[in-house]
Amino acid sequence: MTRIAVSALALALFATPALADPVAYEFDKSHSNLSFAYNHLGYSTTDGRFGGWDAKLVVDADKPEASSIELTIDTTTLDTFFADRDKHLKSADFFDVAKFPKATFKSTKVTKTGDKELEIVGDLTIKDVTKPATLKVTVTTMGEHPMAKMPAIGFAGTTTIKRSDYGMNMYVPYVGDDVTITLHAETLAAAK
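Asker: Tell me what's going on with the side chain of threonine 125, and back it up with residues and numbers.
Answerer: By the secondary structure assignment, threonine 125 is in strand E8 (residues 117-126). In this structure the side chain of threonine 125 is engaged in a polar contact, spanning 2.6 Å, whose partner is the side chain of threonine 130. For threonine 125, the contacting residues outside a window of four places in its chain are Ala103, Thr104 and Thr130.

See below:
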């Protein structure tokens, strides 16, 4: 969920145009994926994804700390590739999507931690519970997109949260409390 799109802020850290205006980036959903994984009884890792999400990314190349990301996730689009499990995860035992159809992440701080690494801290809200979450971001590539011929950023962002922090504690500790969320994203500068 959170791992999200925030990573593109890396552009701000690696591009250095003089006095550049902040740039908004749009996500290429056909080449981006928001996924999650958790341990099942110690025997396996269960994977899933959210098919519906939107993000707003603004990169300030002169002041990376002023860059920002906001992510809205449609929890009704949860998909673990097994219909009965999806139905249970969408129920009041877990996401309660009828009552809470959206989850959000909003960045509050961006820090460069390596040549192509960022740490993005933000507020993650699930089921009206807001907790801090930290995305570890690796910029995979940035520059002119070879097909679109416009500025582009590719990145991967990951965070691990405790589902019990958000009122989803059924079967803990047998089914893992830790959930790893990963966002793989390809972004393009928004048309002006």
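Asker: Break down a nonpolar patch on the surface for me, citing the residues and quoting the values.
Answerer: Side chains of Leu41, Tyr43 and Tyr174 sit close together on the surface and give an oily, nonpolar patch of about 440 Å² of accessible area. Structurally, the position occupied by tyrosine 43 is in the loop between strand E2 (33-40) and strand E3 (44-50). Tyrosine 43 sits in the exposed class, given a relative accessible area of 75%.

Asker: If you had to explain unusual backbone geometry to someone new, which residues and values would you point to?
Answerer: The omega torsion across valine 172 and proline 173 is 10°, close enough to zero to call that bond cis. If you trace the backbone, proline 173 turns up in the loop between strand E10 (151-162) and strand E11 (178-189). For leucine 41, which is not glycine, the phi torsion reads 60° and is therefore positive. Judged by relative accessible area, leucine 41 falls into the partly exposed class, the value being 42%.

Asker: Go over the pattern of salt bridges with me, naming the residues and quoting the values.
Answerer: Enumeration according to the criterion identifies three salt bridges in this entry. Across the pair lysine 29 and aspartate 54 runs a salt bridge whose closest N-O atoms are separated by 3.2 Å. A residue pair is termed long-range when its members are at least 10 positions apart, and lysine 29 in the loop between strand E1 (23-27) and E2 and aspartate 54 in strand E4 (residues 53-59) qualify at 25 residues. We note a salt bridge from glutamate 119 to lysine 136, for which the minimum N-O separation is 2.6 Å. One end of the pair, glutamate 119, is in strand E8; the other, lysine 136, is in strand E9 (residues 129-144), with 17 residues separating them in the sequence.

Reading the values: the criteria
Residues numbered from 1 in each chain as written. Predicted model: local features only at pLDDT ≥ 70, side-chain atom pairs only at ≥ 80, totals over all residues. Heavy atoms only, no water. Helix = DSSP H or I, 4+ residues; strand = E, 2+ residues; numbered from the N terminus. Polar contact = N/O pair within 3.5 Å; in protein donor to acceptor, adjacent residues only side chain to side chain. Contact = heavy atoms within 4.5 Å. Patch = residues over 30% accessible without salt bridge, like charges linked within 9 Å, V, L, I, M, F, W, Y side chains within 5 Å. Areas by Shrake-Rupley, 256 points an atom, 1.4 Å probe, with all protein chains shown as cover. Salt bridge = Lys/Arg side-chain N within 4 Å of Asp/Glu carboxyl O. Buried < 20%, exposed > 50% of the residue type's maximum accessible area, 1.4 Å probe, protein only.

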